[in-house]
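The residues making up each chain are set out below.
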Protein chains: 2
Amino acid sequence: MNYFSSDFKLGILGGGQLGKMLLTETRKFDIQTLVLDPNEEAPSRFGCNNFYKGSLMDFDTVYQFGKMVHLLTIEIENVNLDALDKLEEEGLPIFPSPKTLRLIQNKGKQKDLYIQNGIPTSKHLRFVGLDDLRNSISKDELDFPFVWKSAEFGYDGNGVKICRSAIDLMKLPDVECIAEELIPFKNELAVIVARSFSGEIKTYPVVEMEFHPEANQVEYVICPARINESVAQKAQEIALKVSETFNHVGLLAVEMFQTEDDEILVNEVAPRPHNSGHYSIEASYTSQFENHLRAILNLPLGSTDSKVAGIMVNLVGEEGYEGPVYYENIGQIMAIDGVTPHIYGKRETRPFRKMGHVTIVNEDMTIARQIAQEVKNSIRVISYQ
Amino acid sequence: MNYFSSDFKLGILGGGQLGKMLLTETRKFDIQTLVLDPNEEAPSRFGCNNFYKGSLMDFDTVYQFGKMVHLLTIEIENVNLDALDKLEEEGLPIFPSPKTLRLIQNKGKQKDLYIQNGIPTSKHLRFVGLDDLRNSISKDELDFPFVWKSAEFGYDGNGVKICRSAIDLMKLPDVECIAEELIPFKNELAVIVARSFSGEIKTYPVVEMEFHPEANQVEYVICPARINESVAQKAQEIALKVSETFNHVGLLAVEMFQTEDDEILVNEVAPRPHNSGHYSIEASYTSQFENHLRAILNLPLGSTDSKVAGIMVNLVGEEGYEGPVYYENIGQIMAIDGVTPHIYGKRETRPFRKMGHVTIVNEDMTIARQIAQEVKNSIRVISYQ
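Residues numbered from 1 in each chain as written. Chains lettered and ligands numbered in written order. Predicted model: local features only at pLDDT ≥ 70, side-chain atom pairs only at ≥ 80, totals over all residues. Heavy atoms only, no water.

- As named in an unreviewed UniProt entry, chain A is N5-carboxyaminoimidazole ribonucleotide synthase, taken from Flavobacterium jumunjinense.
- Its UniProt record gives chain A a comment under Subunit (unreviewed entry), which states: "Homodimer."
- Quoted straight from UniProt, the Sequence similarities (unreviewed entry) entry for chain A says "Belongs to the PurK/PurT family." (UniProt positions renumbered as here; feature names shortened; annotations may be inferred.)

1. Here we look at unusual backbone geometry
Most of the time, phi is negative for any residue but glycine, and the peptide bond is trans.
At step 1: Residues F95(A) and P96(A) are joined by a peptide bond in cis, for which omega reads -5°.
At step 2: Considering the arrangement of structural elements, one finds P96(A) in the loop between helix 3 (81–89) and helix 4 (98–105).
At step 3: Here the residue pair C223(A) and P224(A) is connected by a cis peptide bond, since its omega of 0° sits within 30 degrees of zero.
At step 4: At S5(B), a position not held by glycine, the phi torsion is positive, near 50°.
At step 5: Its location among the elements puts S5(B) in the segment before strand 1 (9–13).
At step 6: We classify S5(B) as buried; its relative accessible area is 5%.
At step 7: Even without a glycine there, the phi angle at D262(B) is positive, about 60°.
At step 8: Positionally, D262(B) belongs in the loop between strand 13 (250–259) and strand 14 (264–270).
At step 9: Here D262(B) falls in the partly exposed class, since its relative accessible area comes to 21%. (Helix = DSSP H or I, 4+ residues; strand = E, 2+ residues; numbered from the N terminus. Buried < 20%, exposed > 50% of the residue type's maximum accessible area, 1.4 Å probe, protein only.)

2. Considerations on the interface of chain B and chain A
At step 1: Tallying the contact residues gives 47 residues for chain B and 47 residues for chain A.
At step 2: Between chain B and chain A, the buried area comes to about 3800 Å², and carbon and sulfur atoms account for 57% of it.
At step 3: In terms of surface lost to chain A, no three residues of chain B exceed F46(B), Y285(B) and M334(B), which account for 16% of the buried area on that side.
At step 4: Here chain B and chain A share 4 salt bridges between them.
At step 5: A salt bridge links K202(B) to D337(A); the shortest N-O distance between them is 3.9 Å.
At step 6: One can count 14 residue pairs in polar contact (both at pLDDT 80 or more) joining chain B with chain A.
At step 7: Elements represented by at least two residues in the side of chain B that touches chain A include exactly helix 1 (17–28), helix 10 (288–296), strand 16 (323–328), helix 11 (330–334), strand 17 (339–343) and strand 19 (354–362) of chain B.
At step 8: Take the side of chain B that touches chain A: its biggest share by element is 5 residues, from strand 17 of chain B.
At step 9: For the side of chain B that touches chain A, a count of residues per class yields 19 nonpolar, 14 polar and 14 charged. (Contact = heavy atoms within 4.5 Å. Buried area = accessible area lost by both parts, 1.4 Å probe. Salt bridge = Lys/Arg side-chain N within 4 Å of Asp/Glu carboxyl O. Polar contact = N/O pair within 3.5 Å; in protein donor to acceptor, adjacent residues only side chain to side chain. Nonpolar A, V, L, I, M, F, W, Y, C, P; charged D, E, K, R; others polar.)

This is how it looks when you write it as structure tokens:
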């Protein structure tokens, strides 16, 4: 297939920052793109060939969109899967496949799959709703503390809650959910796996994540993770196994816990470019976005090695500010060597909203880490109104 | 000034591949852009906020375009300078300045400036037209061989001719021109200088260029140039002096000859991102496009150091092919580690048309050079029609 400056059309469901960064690569290769997003101010409205405003959850909208393209991918999981099933049935290649998305959209099914395939993960129980969960507690099948997760539509920490006592249950919504064993862990790790349609497969180095204690959003992503080589190797092997279990095409970001005794437990996956791979734009030979594109187009995968150490700092809206965004001290951080801000293009900030990220690269990880701290302490995402 | 996700509007005159790669950076920073280009199929029609079709040489078109923006830059030198003069007079910041563009648009004036400022360059004579030049030859003021250059509007080898005898004169157009001493040289070098409005200045490493013998277009750009440290230092010092002489704001690409006895002679300059800096997208801490943007917005300049060795191969249309483009063997070269194609987005190829480039990066320059040769021997820009 000829993709470059041709009539080939790639459809992207979702027009957020992941789509925007993917469009940088489609432009680089001059591949025609159509983007669908409900928000007419979506970050991906520029850089695509055609932008369509419409619901990602509406059958007809997604189906009609799919009929206009030669291949369909997603930058967000929550899309109408019935429309994708029908499009796939009618012969449209869709990566990741609706089958994979259906498994991943439901955290209960996802966990079951890991257990079935011998992939290490924390113990869990599935519940149809809150009453079901309460019953389980009253029957002593489930003990505090545990991690409650909404089975569907969780995003960026919404839909996750550590429950330590009955009081915590009171704030939970009555939805299908799972309860997971609360695992004390040393590190949260992630491995991004790229797998093409022909089965070529490559893993990015293991990254290490630090979370904001309140917002439950990633604060630093550090590549390579500062862990033992044997632990890193184990994490990569498990990630490969997860990708093969899903028979995944495209990128799969596998989030994992490193336990106190150096076991690796799979937490959850994202079937697309991922926040934990943003460092790759500056640090890697091939960015995660370029490799996602290569994988779904069945082009050879690019090298996932790093040129230099990379650290990513998320730019999220400061608490107490809501309105037109202002990036305080952005000039100050840009004066530091190896510092690159990425501004997603959202006009309005609000507390904890993901507004951008900053990548810090350096030959020396220790220096990169110091600079990352400096960046974090300097820049603030605020509003004057 | 707040540029990021704000109401600030940057105008770009010209919508070719340089503009397209600059837009990657404006998108990364979410800076609003307006682009003017005569071709509605211009590579920059995507990725900007608003694209306007119109002549770059028409006073009213350029003037009206300028009235819509807060700052104006160019990606091609041949624009209506009277309109820029008027806009500047009315307070619009324009980088590079119309004064610099006026000097650079005329190769005779450019050469005179070098002589006046003690910048080493080959000997030259200026002529108002062909008769004037013939007179000079008949009076023995000018001897064969020499390099004839059209004073204005030369691009990619058009407007340059080596004249070895009277026969060569017969094909020349009757335009204002210069005749330069034909210098035997070891290397063609280039240094890109970034200088911001506040006077902060940085040079990229010296690159080495190899030209296609017939098309007079760059075939390989190699960074860093494989030359002595002392020669490299001299080249960078001279480039800095040229930038200061022009009081330049933005990027200035300084093309130079390294003579047989290791003298550096300035050939000509381009007041914008340049083909010789494309390698920087993959190899440098900060790409030339990002630094052009930082410079004109008076933001701190980014590091111009390289992470790895970089080589750039131009993708030009094969002789004998004209029509819808097809990139033969592009998949084959993408299978090699560190190889990144950039496709400019021109639907039609024709002989020697610049259609894209490929960057090869590697920690080891020798390996990079071998891969570059392999890339050059594999990919062909052809058409099936």
